[in-house]
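# Structural overview for review
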Amino acid sequence: MAEKSFKYVILGGGVSAGYAARAFAKHGAKPGEVAIISKEAVAPYERPALSKAYLFPEGTARLPGFHVCVGSGGERLLPEWYTEKGISLILSTEIVKADLASKTLTSAAGEIFKYQTLIIATGSTVLRLTDFGTPGADAKNIFYLREIDEADALVAAIKAKKNGSKAVVVGGGYIGLELSAALRLNNIDVSMVFPEPWCMPRLFTAGIAAFYEGYYTNKGVNVINGALVVGFETNENGEVKNVKLKDGRVLEADIVVVGVGAKPLTQLFKGQIEEDKGGIKTDAFFKTSVPDVYAVGDVATFPMKMYGDIRRVEHVDHARKSAEQAVEAIYASEEGKSVGEYDYLPFFYSRSFDLSWQFYGDNVGESVVFGDSSPASPSHKFGAYWVKDGKVVGAFLESGSPEENKALAKVAKVQPPADNLDKLATEGLTFASKI
Ligand code: FAD
């Protein structure tokens, strides 16, 4: 089979890939130099839309509406944009072998791609209950959500629902919370089940989670915490019928959606590249241990300058920024110049129902909630700070205005001193606005 050769290959066609392509174009990459190779059938898009407006019954988002870079207020890169820029968009092409020594990628169909510089942007894949051996986890109508074809399958199941359809969402992280809301908006009876004592435990404190659980309950979602799913029962067509919990409870379900986490897609490179914390280890320029190979987005384990450690971050803001940093660094190294080290301020967000939260910084140390965190509150504006070694290191806000969110980001960046948690709670947003 014919071999194709590119100066720069971006492996993966998700968020990082799209932002990297834009950065290449900005740097004046010549037609024919850049290729994106993606397993997906569509040009890079803003993945977070899949668990939000993609599933809404009204105001539904569909491609081409949410191709990158609209999620950060940038230009929408339609498939034609790639053609105009001479960037090869090689879609529906899964790479099954990567030989970093010979700079060769091989697709499932046997095509060979050569590169001078590679950006690994393979992202993550969902953890499946079948991986854990949960009995019945291969039943029909059990869905996962990472890529657009999976979102389409879920949309079809939602459309096929009858009156009184029941869904069980397994997992209480941001995917579980967003999917529960989306299913509820589609008028489906939803139970959200997770084993932890409260939802979003990796970020939320018990106080923050109490608001969301109360709010969801008021919206008709049956929130079941501290409960482990141990199996599924099916009907005669092999479709899921019941979800069995460890404590003996059984939940009826026509649709099950599982959001129990993700793992970075690094296996193509195993044994060829240095890894750390489950990801591909990079420096502050997203350069890996292998010359001319960069890794960005969910797969990269990189130095978190602010905190003096190394981390992997599975969030869209980092996917965008790491891709841009890598392309800057590639051009700088070619031109014998240098770029500043990546100095990332962690930023996560989520939206569901009429809620919208943002978080900046690090959620370590002691925390304090401020504002009105009653689930029944009409404003539902409240927040939290995390304080470590006498400094505010993390800040969270529900229903903040753009200015308030900006102030929050500044707090997390500046890390102002705060020794009195009670005072911080009383001051609330005023504290942030003074920084
Ligand atoms: P991805 O965007 O996942 O792209 C990886 C690409 O690589 C995919 O196109 C994949 O098909 C391709 N690929 C992988 N392996 C191969 C191969 N062998 N051959 C060819 N192609 C391959 N983050 C937030 O901060 N806020 C949110 O609200 C939010 N919502 C989300 C909702 C959903 C449903 C999901 C799944 C994620 C969400 N995220 C959110 C996380 C965010 O989308 C990811 O962190 C981001 O997409 C990571 O970008 P990436 O480029 O590293 O990976």
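Residues numbered from 1 in each chain as written. Predicted model: local features only at pLDDT ≥ 70, side-chain atom pairs only at ≥ 80, totals over all residues. Heavy atoms only, no water.

Where an unreviewed UniProt entry is consulted, the protein appears under the name monodehydroascorbate reductase (NADH), with the organism given as Salvia splendens. In its Sequence similarities (unreviewed entry) section, the UniProt entry covering the protein states "Belongs to the FAD-dependent oxidoreductase family." We quote the UniProt Cofactor (unreviewed entry) comment for the protein here in full: "FAD". (UniProt positions renumbered as here; feature names shortened; annotations may be inferred.)

### Comments concerning the site of the ligand
In the vicinity of the ligand, 35 residues are found, and the nearest of them are Glu 40, Lys 52, Arg 146, Glu 147 and Asp 298. Side-chain polar atom of Asp 298 to an oxygen atom of the ligand: 2.7 Å apart, as the coordinates give it. In the complex, the protein chains occlude 98% of the 990 Å² of accessible area that the ligand would expose alone. Breaking the shell around the ligand down by element, the ones donating at least two residues are helix H1 (15-26), helix H4 (174-185) and helix H6 (316-334). In terms of residue count, H4 provides more of the shell around the ligand than any other element does, 3 residues in total. Class assignment of the residues belonging to the shell around the ligand gives a composition of 14 nonpolar, 11 polar and 10 charged. (Near = heavy atom within 4 Å. Polar contact = N/O pair within 3.5 Å; in protein donor to acceptor, adjacent residues only side chain to side chain. Areas by Shrake-Rupley, 256 points an atom, 1.4 Å probe, with all protein chains shown as cover. Helix = DSSP H or I, 4+ residues; strand = E, 2+ residues; numbered from the N terminus. Nonpolar A, V, L, I, M, F, W, Y, C, P; charged D, E, K, R; others polar.)

### Observations concerning unusual backbone geometry
Excluding glycine, residues mostly carry a negative phi; peptide bonds, for their part, are mostly trans. The linkage connecting Leu 63 with the following residue, Pro 64, adopts the cis geometry, with an omega of 10°. Its place among the elements puts Pro 64 in the loop between strand E2 (34-37) and helix H2 (79-85). The peptide bond linking Val 68 to Cys 69 adopts the cis configuration, its omega dihedral lying at 10°. Although it is not a glycine, Lys 277 adopts a positive phi angle of roughly 45°.

### Topic: the pairing of strand E22 (residues 347-352)
A large share of E22 lies buried, amounting to 5 of its 6 residues. Pairing between E22 and strand E23 (residues 355-361): 6 bridges, direction antiparallel. Paired with Phe 348 across the two strands is Phe 359, which belongs to E23. Where E22 hands over to E23, the hairpin turn is made up of 2 residues, of which Phe 353 adopts a positive phi near 45°. (Buried < 20%, exposed > 50% of the residue type's maximum accessible area, 1.4 Å probe, protein only. Pairing = 2+ DSSP bridges.)

### Thoughts on the sheet that holds strand E26 (residues 391-398)
Each strand in a sheet pairs with another by means of backbone hydrogen bonds, the pair being arranged parallel or else antiparallel. With antiparallel pairing, the 5 strands of this open sheet are ordered in space as E22-E23-E26-E25-E24. Every interior strand has two partners, whereas the edge strands, E22 and strand E24 (366-371), have only one. Between one strand and the next, the sheet's axes are offset by a mean angle of 15°, whatever the strand orientation. Bridge count between E23 and E26: 5 bridges; the pairing is antiparallel. Residue pairing across strands places Gly 361 opposite Gly 394, the latter belonging to E26. The strands touched by helix H5 (residues 206-218) within the sheet are E22, E23, E24, strand E25 (382-388) and E26, with E25 carrying the most contacts at an inclination of about 155°. (Axes fitted to C-alpha atoms, helices over the stretch in contact; angles between N-to-C directions. Contact = heavy atoms within 4.5 Å.)

### Some details on the UniProt feature "domain: FAD/NAD(P)-binding" (unreviewed entry) in the protein
As recorded in UniProt, the sites labelled "domain: FAD/NAD(P)-binding" (unreviewed entry) are residues 6-323. Here residues 6-323 runs as 20% helix and 28% strand, with 18 Å between its end C-alpha atoms.

### A look at the domain arrangement of the protein
We note that the domain assignment places domain 1 (3-125 + 263-334), domain 2 (142-260) and domain 3 (354-433) within the protein. Taking only C-alpha atoms into account, the centre of domain 1 sits 30 Å from that of domain 2. Counting residues at the interface gives 19 residues for domain 1 and 14 residues for domain 2. Of the roughly 1,500 Å² buried between domain 1 and domain 2 on both sides combined, carbon and sulfur atoms contribute 59%. On the domain 1 side of the interface with domain 2, the three residues burying the most area are Ser 51, Tyr 54 and Leu 55, jointly 35% of the side's total. At the junction of domain 1 and domain 2, the tally comes to 3 salt bridges. Note that Lys 39 is salt-bridged to Glu 147, the shortest N-O span being 3.2 Å. Our enumeration of links across domain 1 and domain 2 arrives at 10 residue pairs in polar contact (both at pLDDT 80 or more). Partitioned by chemical class, the residues of the side of domain 1 that touches domain 2 number 9 nonpolar, 3 polar and 7 charged. (Domains from an automatic or database assignment. Buried area = accessible area lost by both parts, 1.4 Å probe. Salt bridge = Lys/Arg side-chain N within 4 Å of Asp/Glu carboxyl O.)

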